[in-house]
Amino acid sequence: MSIATKEIEAGRIWDFPGGIHPPEHKHRSNQTPIAQLSLAETFVIPIKQHTGAPGDIIVAVGDHVVGGQPLTDAGLNNGLPVHAPTSGTITAIGPGRIAHPSGLPDTVITLTADGRDEQVTMPPITDFHERGRSELLDRIKQAGIAGLGGAGFPTAQKFALQRPLDYLIINGVECEPYITADDRLMREHAQTIIDGIEILLHLAGCQKAMLAIEANKPEAIAQFESLLPHHPAISLRVVPVKYPSGGEKQLIQLVTGRQVPSRGLPLDVGLVVQNVGTAYAVARAVLAGEPLIQRVVTVTGDHVERPGNYWVRIGTPVAELLHQCGFNPGPQQRVIMGGPMMGFTLPDLTVPVVKITNCILVPSYAELPPPAAEMNCIRCGACADVCPAQLLPQQLQWLAKAKDYDGLEKQNLFDCIECGACAFVCPSEIPLVHYYRKAKAEVRQLAREKMKSEVARERFEARQIRLEREKQERLERHRRAAEARKKAQAEAVAKGADDPQDAIQAAIARAKARKAAQAAAAAAKQSDDESNV
Amino acid sequence: MSLITALIILGVLALIFGIILGFAAVRFHVESDPIVEQIDALLPQTQCGQCGYPGCRPYAEAIANGEEINKCPPGGETTIKNLSELLGVEAKPLDAAHGAESVKKVAVIREDECIGCTKCIQACPVDAILGAAKHMHTVIAHECTGCDLCVEPCPVDCIDMVPVPVRPDNWQWDLQQIPIRVVE
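Residues numbered from 1 in each chain as written. Chains lettered and ligands numbered in written order. Predicted model: local features only at pLDDT ≥ 70, side-chain atom pairs only at ≥ 80, totals over all residues.

**Regarding the confidence of the model for chain B**
Residue and element names in this part refer to chain B.
- For chain B, per-residue confidence averages 87 on the pLDDT scale, and residues scoring 70 or more make up 93% of the total.
- The low-confidence segment residues 177-184, where pLDDT is below 50, has 13 contacts with residues more than four positions distant or belonging to other chains.
- Interface scoring of the predicted complex returns ipTM 0.78; its pTM is 0.82. (pLDDT = per-residue confidence, 0-100. Contact = placed C-beta atoms within 7 Å.)

**Comments concerning the sheet that holds strand E8 (residues 167-172) of chain A**
All names here are of chain A.
- With parallel pairing, four strands are arranged side by side in an open sheet as E10-E9-E8-E11. Each edge of the open sheet carries a strand with a single partner, namely strand E10 (234-239) and strand E11 (271-275). Each adjacent strand pair in this sheet contributes to an overall mean axis angle of 25 degrees, direction not counted.
- Sheet topology places strand E9 (residues 208-214) next to E10; six bridges connect them, and they run parallel. By the bridge assignment for E10, Glu214 is matched with Val239.
- Across the sheet, helix H5 (residues 190-204) is in contact with E8, E9, E10 and E11; its angle to E8 comes to roughly 150 degrees. (Pairing = 2+ DSSP bridges. Helix = DSSP H or I, 4+ residues; strand = E, 2+ residues; numbered from the N terminus. Axes fitted to C-alpha atoms, helices over the stretch in contact; angles between N-to-C directions.)

**A look at the pairing of strand E13 (residues 308-313) of chain A**
Residue and element names in this part refer to chain A.
- The element E13 is extensively covered by neighbouring structure, given that five of its six residues are classed as buried.
- Pairing geometry for strand E12 (residues 294-300) and E13, over six bridges, is antiparallel. Its bridge partner being in E13, Arg295 is matched across the sheet by Val312. (Buried ≥ 20, exposed ≤ 12 C-beta atoms within 10 Å, placed from the backbone.)

**Some remarks on the packing of helix H2 (residues 133-142) of chain A against helix H8 (residues 276-287) of chain A**
Residues and elements named next belong to chain A.
- Following both chains from N to C, one finds H2 and H8 inclined at 110 degrees, their axes separated by 9 Å at the closest point. Put simply, H2 runs roughly perpendicular to H8. Between H2 and H8, the contacting residues are Leu136, Arg139 and Ile140 on the first element and Val282, Ala285 and Val286 on the second.
- The class makeup of the residues in the contact of H2 with H8 is five nonpolar, no polar and one charged. (Parallel < 35°, antiparallel > 145°, perpendicular 65-115°, else oblique. Nonpolar A, V, L, I, M, F, W, Y, C, P; charged D, E, K, R; others polar.)

Right, here's the structure in full:
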């Protein structure tokens with residue numbers, strides 16, 4: 001055992017560079033148990049709620065579906081299925097608002113609930129230790145589970161690559177202010193989460209899991225401290241309170257001291273990270289056969305009467321969720337999906353709660369003022385001090401404004417996790433993350449265009465070659481036809497027919513003779529005239 | 001004596017290096033002009049001919065021979081900037097005589113009006129139109145470069161150039177452009 005591994009085993013907690021300590025505001029929503037939200041009348045289910053391609057729609061308008069029934073399947077694109085959150089009738093399939101900062105529409109399935117809330121589940125798998133990886137991975141995929149921590153990467157896909165892993169890290173840090181969904185889930189469903197971790201350990205093929213919880217969640221820590229002695233493969237790591245210690249790369253650095261390489265994956269350093277919510281969903285999908293149709297959502301902020309955590313069916317419109325929590329909007333009320341650091345303002349309230357929605361924040365004006373006017377960068381360097389990825393935020397900002405994509409690449413723009421720490425400390429109120437997101441989108445767009453132009457070039461060249469070939473073939477065909485004609489004539493002549501060449505020659509000879517005769521006649525006439533003079 | 005030795009040694013060295021260079025010239029022979037390849041790689045490959053040359057490759061060859069770099073409207077400012085960096089020449093504004101830079105577009109055939117004449121198929125430089133004589137034609141949207149060349153030959157004028165739709169996955173984070181409906 002190497003020294004580093006010994007230190008990991010001993011439970012050492014490393015540190016990561018930068019980080020900030022924003023006001024937490026967690027006590028507002030973590031005082032009451034997770035409540036069940038009443039069913040909405042209509043649900044809006046976007047067909048793409050994860051990172052990757054959407055699945056193929058397998059229902060039609062007018063179909064009656066029951067809760068847990070898949071509405072899409074993996075299909076040709078190898079997408080992740082989405083499920084009906086309750087029983088009812090499909091009333092529309094088409095473009096609709098989705099939970100995306102752009103406010104642009106995407107394909108959504110609208111379901112009108114019938115109120116009976118009939119459910120269908122898959123057969124439970126209780127003896128998961130005896131089952132093969134592929135069967136369990138297929139179950140997790142069929143249950144539509146994507147990383148519930150925020151990125152929405154399909155969970156089965158994370159484990160599909162069979163690479164030797166040292167540790168499975170379970171992320172229960174939840175470092176973003178206001179959000180307490182994972183906190184409450186850990187307090188109330190610790191045993192199910194542990195079951196989920198056991199299943200994930202079986203899938204990862206490694207021996208040990210580390211469950212990381214931030215030190216500001218003593219109740220959750222106490223829960224696991226009492227339960228984990230029965231599960232020797234899982235150890236608890238309490239990480240200090242700092243934002244963004246829940247970032248995947250930051251958490252890895254905290255509990256193992258390893259650094260994920262630039263543009264690399266945790267797999268590259270022998271680790272895989274899953275959120276506690278995902279572990280819970282995996283346990284329910286495998287042990288109870290339940291697909292992912294509901295999740296815990298924190299509803300909080302000054303303008304909600306009953307802040308807390310709620311079990312919300314996926315597809316519930318945000319307006320309905322807020323209505324049930326006692327929403328009294330202020331003037332120009334902003335509604336934020338996600339936390340104050342990484343969330344985004346919703347374009348309107350018809351957008352639904354999706355698999356990655358962990359929080360709906362309705363702050364008052366004083367609580368979270370809208371961004372002030374951007375001022376000039378004063379080169380104070382505060383942003384570089386807090387950047388957890390050790391980037392140079394101000395440098396990136398200049399380069400992004402100048403659209404210097406090579407320079408951005410050199411400054412490792414794509415290692416930015418968009419945590420917002422730099423913008424939080426910026427005294428000039430520069431919306432730094434916005435610039436990075438925009439620059440990233442532009443770089444991706446350029447890459448797409450480059451790829452498209454490569455394809456266009458290939459197709460153009462293939463067409464040129466084809467046209468040239470067709471031209472050659474045409475010429476060849478004409479040449480052959482001419483040859484065949486000549487040959488046929490030659491054969492006909494050999495058989496004794498009149499040689500067309502003879503006929504031509506004869507015609508030429510006749511014409512010449514006629515011309516000569518005419519010339520002679522003319523000459524004779526002329527000499528006659530002369531003699532007559 | 002030493003003078004002759006030196007001459008002989010230098011002569012032998014010259015011979016050896018000559019052989020090495022000669023071999024390298026044959027062994028590592030470069031078929032085409034690499035600068036043309038590099039220029040071609042920077043052009044947008046729409047094959048639209050707006051520059052006055054029949055495709056991007058011929059224009060790349062022309063640039064290598066001293067043609068202006070500001071004749072490519074689909075590439076726009078970005079292409080001009082890239083070309084000026086590659087060739088070490090001054091970046092000029094786009095030559096308006098060849099057209100203006102516009103949003104990316106894609107051709108769409110109004111299929112019920114198509115008479116199946118195949119004229120657009122022959123015009124398409126990247127074979128992005130499917131169809132046969134007296135049968136309806138259609139554009140393979142993701143192969144279309146938006147070059148406009150199919151619009152003019154169509155005898156019934158049933159081809160539209162529509163801007164490429166912005167979807168959540170190719171959105172450019174233009175937050176200021178999004179009308180945020182404020183809830184009262």
